[in-house]
Amino acid sequence: MPTVLSTKKLALNQKELLLNSGIGFAEYDAIEIEFLNFDLPKQTIHNAIFTSKNSLKALTSKQIDITNCFCVGEKTAIMAKQMGYNVLETTAYAHDLANIIIQNYPDREFQFFCGHSRLDELPEMLQQQNIALKEIKVYKTTLNIQQFRSDYDGILFYSPSGVKSYTSKNTIDSIAFCIGDTTASEAKKHTTSIVTPGTPGIENLIAVVAKTFRKDLKHQQ
């Protein structure tokens, strides 16, 4: 039975997807999230950008009036809708969202709710086009560094920070299954054996893991 290590603790249905595919797994949280106290620049936020569910989770204890949301990731958009926000645009990647904003909303002012180690791509793209952007840092990411002595057939990564955390004490000697291109770019610093799903998402990543090991099993038969 192939065995993988997930650098994020999975939901029950996600664990079942792996087990039903005949794949054993271990799991841990390679990163930890700490929510920060923050002040809002204004009472009503007309255009808010969210690139992760963590940014939305940081708002759950606050009453914030948000007119429109611009989201990266389907799960992020779903959570925003569940919180009662109007989601105007959703993309799989930050650079795609930046391009949509540049093309269709260049005259608007945006509030970017993000973590302290957020990637530069989206804000830089908007700032280069002189689009008004205010960053509000609402959470902090810390690395939960652990060393593993078991040999896994694959490692599942969900963020560049997760890759950095794992590789602080471990090498990637098997397949790096990366949730998206940004995570894969970080993994490329440590391995050339990388697999990503066509569309980012945990379930899509698990489906790629299952497909990869099905092929390996067929080759062995």
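Calculation notes
Residues numbered from 1 in each chain as written. Predicted model: local features only at pLDDT ≥ 70, side-chain atom pairs only at ≥ 80, totals over all residues. Heavy atoms only, no water. Core = buried A, V, L, I, M, F, W, Y, C linked by side-chain atoms within 4.5 Å. Buried < 20%, exposed > 50% of the residue type's maximum accessible area, 1.4 Å probe, protein only. Helix = DSSP H or I, 4+ residues; strand = E, 2+ residues; numbered from the N terminus. Salt bridge = Lys/Arg side-chain N within 4 Å of Asp/Glu carboxyl O. Pairing = 2+ DSSP bridges.

Novice: Explain the nonpolar core to me, please; I cannot follow it from the model alone.
Specialist: One recurring pattern in soluble globular proteins: nonpolar side chains tend to sit buried together. Formed by 20 residues in total, the largest nonpolar core has its most connected members in F50, L59, I66, C69, Y85 and F113. Elements with a contribution of two residues or more to this core: β4 (44–50), β5 (65–72), α3 (74–82) and β8 (133–143). With 16 residues, the next largest nonpolar core counts L156, I175, V209 and A210 among its residues.

Novice: Got a minute to help me understand the pattern of salt bridges in this structure?
Specialist: Any two side chains of opposite charge can pair, so long as their charged atoms come close to each other. One pass over the structure, following the stated rule, counts 6 salt bridges. Taking the shortest distance from any N to any O, the salt bridge between D120 and R118 comes out at 2.6 Å. D120 gets classed as partly exposed once you look at its relative accessible area, which sits at 42%. The partner of K189 in a salt bridge is E186, and the shortest N-O contact between them spans 3.0 Å. Counted as one network, the salt bridges with shared partners bring together R118, D120, E135 and K137.

Novice: Even after reading the chapter, I still don't get the pairing of β4, so can you show me in this structure?
Specialist: The two faces of a sheet get side chains in turn, since along a regular strand they alternate between them. Of all 7 residues making up β4, 5 are buried, and the element is well covered by its neighbours. For β4 and β5, the ladder comprises 6 bridges, and the chain directions are parallel. Within β5, the position partnered with A48 by the bridge is C69. Bridge analysis of β4 against strand β7 (residues 110–115) gives 3 bridges, and the strand direction is parallel. Across the sheet, I49 pairs through a bridge with F112, a residue of β7.

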